Amino acid sequence: MTQAELRLCSLLLQEHFGEIVEKVGNSLLRTGPRPLRLLVGDTGLLPDQVKKALCVLIQHNLVRYEVQPRGSVEYEARSERILRILRYPRYIYTAKTLYGDPGELLVEELLLHGHLPMSSAVARVADRLTETMEDGKTMDYTEVSSTFVRLADTHFIQRCPTVPESLQSPKAPPPPAPALAIDEKEMYVVPRLSLVGKGKRRHSCNEEEEGEHKAKRQKQEGGRSETPPDDGIYWQVNLERFHQHFRDQALVSAVASRMDQTSSEVVRTMLRMSEVTTASGASHTQPLSSNEIFRSLPAGYNIGKQVLDQYLALLADDPLEFVGKSGDSGGGTYTVKVTRGPGASWAPPSPFPHPSLILLLLHRFGSRCARIFRLLLRKKHLEQKQVEDFAMIPAKEAKDMLYRMLSENLVSLQEIPKTPDHAPSRTFYLYTVNVMAAARMLLHRCYKSVANLMERRQHEMQENKRLLDKSQRVEAILASMQATGAEEAQLHEVEEMLTGPERQQLETLKRNVNKIDASENQVDETIFVLESFIESTTKRP
Amino acid sequence: LSMAGRGRGRGRGQMTFNVEAVGIGKGDALPPPTLQPSPLFPALERRAAPLPGGEEGEYMLALKQELRRAMRGLPYFVKPGAPRRDIERYSDKYQLSSPVDSAIDWNPDWRRLPRELKIRVRRLRKGRTTSLVPKKYVAVDKEETIKKLESLEKKEEEVTSEEEEEKEEEEEGKEEEEEEYDEEEHEEETDYVLSYFDNGESFGPDSDDNGDEAVY
């Protein structure tokens with residue numbers, strides 16, 4: 001792991017789980033998998049604090065454990081999963097666009113709690129939705145349940161590995177840690193539950209007392225009495241599936257911008273049909289016949305069969321190879337090419353890193369630098385003189401830009417010796433772009449950027465802490481006064497407690513924090529593109 | 001790759017490769033050598049592009065901030081225990097329980113976690129010395145019943161710690177029995193009772209020996 005990744009993981013853990021969890025996570029990330037005792041010693045925390053932190057981290061799938069042959073349990077941090085915390089808003093928003101409010105809240109609850117049983121998730125979401133509804137109305141469990149089932153069917157959520165049925169003899173001591181496992185087939189099977197009920201609205205005023213009385217009664221009855229019907233079956237969000245969705249989205253929009261709306265709809269339909277049959281990391285979808293595609297087009301599109309065939313032919317012929325023709329049965333079978341190898345030709349659209357790299361150059365170094373870069377991408381290898389000529393940039397400037405890019409690892413020099421003795425005067429020196437190296441470099445920069453942004457945001461909040469506290473107090477006073485029906489004049493007086501300049505300061509702070517947060521989201525989009533590219537390229541045999 | 005630049009400072013003009021091929025002509029002025037690390041905040045040569053706005057961006061921004069706020073309130077946000085006060089104060093009794101190190105505020109499914117991570121939660125009571133007697137080895141999921149002054153207290157939940165039993169067997173006794181308040185709304189109701197039976201013994205996090213001491 002690079003320092004930049006470590007630092008970012010650290011900040012994410014601290015911001016979402018507190019410093020104790022951060023310390024434990026840090027120790028695991030920096031020193032590798034270790035048992036509990038070493039963790040306690042290393043972090044200097046109390047044993048109970050470390051245990052609590054580990055429980056939290058395991059609950060959220062950020063740490064996994066393994067029983068070693070000697071019997072001790074080793075814990076290992078999952079750095080790539082920790083980095084995904086940055087993407088939570090995007091997952092939740094996507095769920096909203098696909099499955100509406102119930103979908104959004106279900107994914108949010110699962111992300112907030114790491115994993116939940118279905119019964120618990122449905123209940124929580126129903127309660128939350130009820131809160132937002134008009135007085136007297138409640139959200140029924142069935143609607144939330146059906147959304148849950150749809151999320152499972154389309155693989156956006158999956159079952160967690162379960163505790164195995166213990167087949168040991170009762171005499172043998174139980175293992176120090178359960179070996180959780182799950183069968184591939186079981187992962188999306190929703191248990192047959194009849195979840196009946198409606199969301200509960202929290203009563204506004206007497207809420208505290210009522211809650212207490214209820215809790216007391218429950219305790220007296222012996223605690224949470226029945227075990228829920230789906231005891232032991234937990235669900236988690238399937239991040240990989242969301243990633244696949246993002247890739248598909250990027251592909252569809254690339255087609256739309258290159259061709260037209262209809263062709264992008266065709267590609268979108270093809271991708272939708274192969275949603276669950278395409279293994280993540282596969283380079284093509286399964287072949288689909290044009291008849292099947294025709295049948296699956298969305299209702300609003302009445303294009304004739306021949307027109308569809310023409311579109312498919314056009315897509316297959318396009319040099320960017322979005323769609324490949326794989327056979328002739330059923331009116332012609334087609335696949336969508338989901339990933340591309342490093343030997344791709346000129347400027348392919350997202351989700352490939354080239355646009356990000358070009359944009360980086362454009363914004364940091366200027367349009368001429370970007371021009372040189374695109375030239376090198378197209379021509380692969382060029383000599384210094386050729387760069388000047390093709391790019392139509394004066395020698396001095398071209399030199400300067402090439403060296404800057406060289407020092408940033410965006411381009412590299414390739415030696416081609418003319419003679420066996422590699423004499424410098426008789427060797428070609430060619431500039432070239434190593435896309436993989438450039439992508440890694442940019443990714444590293446992105447991690448650093450987000451970490452810097454987070455630190456700056458925390459700094460801004462810290463600087464204005466006094467003012468923020470004051471403003472919160474004023475709001476609390478105002479709220480209570482309004483509840484008890486105070487007069488206009490009194491309310492005004494309280495409002496005046498915050499002076500004009502102070503309000504200004506708060507406004508500026510809010511604007512800055514919003515800007516920084518939005519930037520973090522933006523950088524995460526680039527991180528996704530780069531990570532996908534690097535992952536798909538390194539996977540290819 | 002940085003070597004391409006490095007060579008320029010020393011031995012002007014002498015390099016292992018033909019400089020003309022790379023583009024440095026004869027007699028060209030070379031840039032001055034760098035004598036200090038690059039500045040912490042280098043001047044921006046051009047402004048950054050504006051952030052993409054739009055409904056999607058706005059919504060995700062709101063989501064992000066809401067998530068951050070929500071997670072701080074969840075029990076997964078582990079706060080350090082209240083620091084030890086040097087003097088017991090009367091008001092301590094009536095304060096809402098501060099976060100306590102060895103209490104776990106949510107109910108994980110212990111079946112899915114390594115046994116060593118189980119934390120014991122026990123309600124503190126007066127005359128607790130009797131409970132410190134080491135127990136015999138007990139089975140994992142057995143619930144322990146309250147030992148003292150039960151008639152006035154309500155029933156609590158307890159979770160046993162495997163660690164403790166193993167240690168007792170090994171006679172190390174390093175792990176200390178942390179007896180802390182269960183953070184439940186119960187506390188409010190039992191105030192009256194507590195003060196009625198207050199015999200001056202302290203309770204709460206302050207009185208715990210929070211260290212690696214043997215349990216007698």
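All values derive from a computational prediction rather than experimental measurement. (Residues numbered from 1 in each chain as written. Chains lettered and ligands numbered in written order. Predicted model: local features only at pLDDT ≥ 70, side-chain atom pairs only at ≥ 80, totals over all residues. Heavy atoms only, no water.)

Student: So what's going on with empty space enclosed by the protein? Which residues, and what values?
Tutor: On inspection of all chains with the given rule, the structure shows 9 cavities of 30 Å³ or more. Considering only enclosed or pocket space, the largest cavity measures out at about 110 Å³ in volume. The wall of the largest cavity is formed by 13 residues, among which His16(A), Ile85(A), Leu86(A), Pro89(A) and Lys64(B) lie closest to the centre. Mapped by element, the contributors of at least two residues to the lining of the largest cavity are helix 1 (3-17) and helix 6 (88-113) of chain A together with helix 3 (55-73) of chain B. With 4 residues, the top contributor of residues to the lining of the largest cavity is helix 3 of chain B. Of the residues assigned to the lining of the largest cavity, the class counts are 8 nonpolar, 1 polar and 4 charged. Shared between two domains, the lining of the largest cavity holds at least three residues of each, these being domain 1 (3-77) and domain 2 (79-166 + 178-200 + 233-237) of chain A. (1 Å grid on protein atoms, 1.4 Å probe; cavity = no way out; pocket = protein on both sides within 12 Å on 5 of 7 lines; lining within 4 Å. Points joined across faces, edges and corners; volume = space filled by probe spheres on them. Helix = DSSP H or I, 4+ residues; strand = E, 2+ residues; numbered from the N terminus. Nonpolar A, V, L, I, M, F, W, Y, C, P; charged D, E, K, R; others polar. Domains from an automatic or database assignment.)

Student: Now, about the domain arrangement of chain A: what can you tell me, with residues and values included?
Tutor: Segmentation of chain A into domains returns domain 1 (3-77), domain 2 (79-166 + 178-200 + 233-237), domain 3 (242-336), domain 4 (353-433) and domain 5 (438-482 + 490-537). Relative placement of domain 1 of chain A and domain 3 of chain A: their C-alpha centres are 45 Å apart.

Student: Give a description of the sheet that holds strand 3 (residues 73-77) of chain A that names residues and reports values.
Tutor: Residues and elements named next belong to chain A. Spatial strand order, 1-3-2: 3 strands in an open sheet with antiparallel pairing. The sheet is open, and its two borders are formed by strand 1 (34-35) and strand 2 (63-67), each paired with just one other strand. Pairing analysis gives 5 bridges linking strand 2 to strand 3, with the strands arranged antiparallel. Its bridge partner lying in strand 3, Val 67 is registered against Val 73. (Pairing = 2+ DSSP bridges.)

Student: If you had to explain helix 17 (residues 395-407) of chain A to someone new, which residues and values would you point to?
Tutor: Here helix 17 of chain A contains 13 residues, and its C-alpha end-to-end distance of 18 Å stays within 8% of the 18 Å for a straight helix at 1.5 Å per residue. Listing the buried residues of helix 17 of chain A in full gives Ala398(A), Lys399(A), Met401(A), Leu402(A), Tyr403(A), Met405(A) and Leu406(A). (Expected span 1.5 Å × (residues − 1). Buried < 20%, exposed > 50% of the residue type's maximum accessible area, 1.4 Å probe, protein only.)

Student: Which residues make up the pattern of salt bridges, and what are the values?
Tutor: Pairs may arise between side chains of opposite charge once their charged atoms sit close together. Summed over the entire model, instances satisfying the criterion amount to 28 salt bridges over all chains. Between Lys470(A) and Glu502(A) there is a salt bridge, with its nearest N and O atoms 3.1 Å apart. Residue Lys470(A) is located in helix 19 (residues 465-483), and its partner Glu502(A) is located in helix 21 (residues 500-539); the two are separated by 32 residues in the primary sequence. Of the two residues, Lys470(A) and Glu502(A), both sit in the buried class. One salt bridge connects Asp109(B) with Arg111(B), and the closest N-O pair in it is separated by 2.9 Å. The network of salt bridges with shared partners includes Glu15(A), Arg457(A), Asp517(A), Glu520(A), Lys64(B) and Arg68(B). (Salt bridge = Lys/Arg side-chain N within 4 Å of Asp/Glu carboxyl O.)

Student: Explain the packing of helix 6 of chain A against helix 10 (residues 239-258) of chain A residue by residue, including any values.
Tutor: Between two packed helices, both the angle of their axes relative to each other and the distance between the axes serve to describe the pair. Residue and element names in this part refer to chain A. Put simply, helix 6 and helix 10 touch, their axes get as near as 9 Å, and they point 115 degrees apart. The interaxial crossing formed by helix 6 with helix 10 has right-handed handedness. Across the interface between the two elements, Arg 90, Tyr 91, Thr 94, Ala 95, Leu 98 and Val 107 of helix 6 pack against Leu 239, Phe 242, His 243, His 245 and Phe 246 of helix 10. A breakdown of the residues in the contact of helix 6 with helix 10 according to their chemical character gives 7 nonpolar, 3 polar and 1 charged. (Axes fitted to C-alpha atoms, helices over the stretch in contact; angles between N-to-C directions. Left-handed = near helix turned anticlockwise from the far one by under 90°. Contact = heavy atoms within 4.5 Å.)

Student: So, unusual backbone geometry: which residues are in play, and what are the values?
Tutor: Residues and elements named next belong to chain A. A positive phi angle, close to 55 degrees, is found at Met 392, a residue other than glycine. Structurally, the position occupied by Met 392 is in the loop between helix 16 (384-391) and helix 17. Judged by relative accessible area, which is 66%, Met 392 ranks as exposed. Despite not being glycine, Asn 409 shows a phi value in the positive range, around 65 degrees. Structurally, Asn 409 is set in the loop between helix 17 and strand 11 (412-417).

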